[in-house]
Each structure stands twice: as C-alpha cells, then as structure tokens.
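Here's the letter readout for the chains.
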Amino acid sequence: MSDQTSEPHPDPVTEARRREMATEHLLFGTMRFLARQNPELLNELEGSLVHLWDTVEGEARDDEAVRTIARRMLKGLRAER
C-alpha cells in the first residue's frame, strides 16, 4: 500500500462513494477495537437501532434497509470475536 495523495475525483458521486468506503472502514476498525475492550458495546449498539432511520424523504425512504445494513455490520463484528 502506498501513501499517495490524489486529487478529488471530478464526479461527485464517485468521490462520495470513496468517502463512504473510507469512513466505513475506519468506523468498523474503531468499533472492532472498542468491542474487544467493552464486549457490551455491540449489544448497546444493537439496542439503539430502533432510533436509526433513513434521512431520505418520499418513496425512497426505507428505515428498515438502513437498520439492516447496521445489523450486518454488528453481525460481522460479532463473528470476529
């Protein structure tokens, strides 16, 4: 892996996708680290999912789809323990 600095992609959708991937990677690593130190963290996060919702308005809004993604992340973290 190299430490190359690159210019933002001219396509805002591509740049947003890259930021999302980087954020998910860092967040997942942080959650993994914290869950090892505090095993109850994953249960606490799972219990909070009822408050998670989709910010999109209209027909595209799907709160359960957002919660499903979060549940998959928690499932992955539990599998690593």
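Predicted model, so just to flag it, every value in this text is computed and none were measured.

1. Examining the layout of surface pockets
In this structure, the largest pocket spans a volume of roughly 270 Å³. Those elements giving two or more residues to the lining of the largest pocket turn out to be helix H1 (12-37) and helix H3 (63-80). The dominant element in the lining of the largest pocket, judged by the number of residues it contributes, is H3, at 5 residues. Residues belonging to the lining of the largest pocket are distributed by class as follows: 10 nonpolar, 1 polar and 2 charged.

2. A few points about the pattern of salt bridges
On inspection of all chains with the given rule, the structure shows 6 salt bridges. Between Glu57 and Arg61 there is a salt bridge, and its shortest N-O distance comes to 3.9 Å. By relative accessible area, Arg61 is classed as partly exposed at 34%. Glu64 is the partner of Arg67 in a salt bridge, and the nearest nitrogen-oxygen pair spans 3.5 Å. Separated by 3 residues within a single helix, Arg67 and Glu64 lie in helix H3, roughly one turn from each other.

Criteria and cut-off values
- Residues numbered from 1 in each chain as written.
- Predicted model: local features only at pLDDT ≥ 70, side-chain atom pairs only at ≥ 80, totals over all residues.
- Heavy atoms only, no water.
- 1 Å grid on protein atoms, 1.4 Å probe; cavity = no way out; pocket = protein on both sides within 12 Å on 5 of 7 lines; lining within 4 Å.
- Points joined across faces, edges and corners; volume = space filled by probe spheres on them.
- Helix = DSSP H or I, 4+ residues; strand = E, 2+ residues; numbered from the N terminus.
- Nonpolar A, V, L, I, M, F, W, Y, C, P; charged D, E, K, R; others polar.
- Salt bridge = Lys/Arg side-chain N within 4 Å of Asp/Glu carboxyl O.
- Buried < 20%, exposed > 50% of the residue type's maximum accessible area, 1.4 Å probe, protein only.

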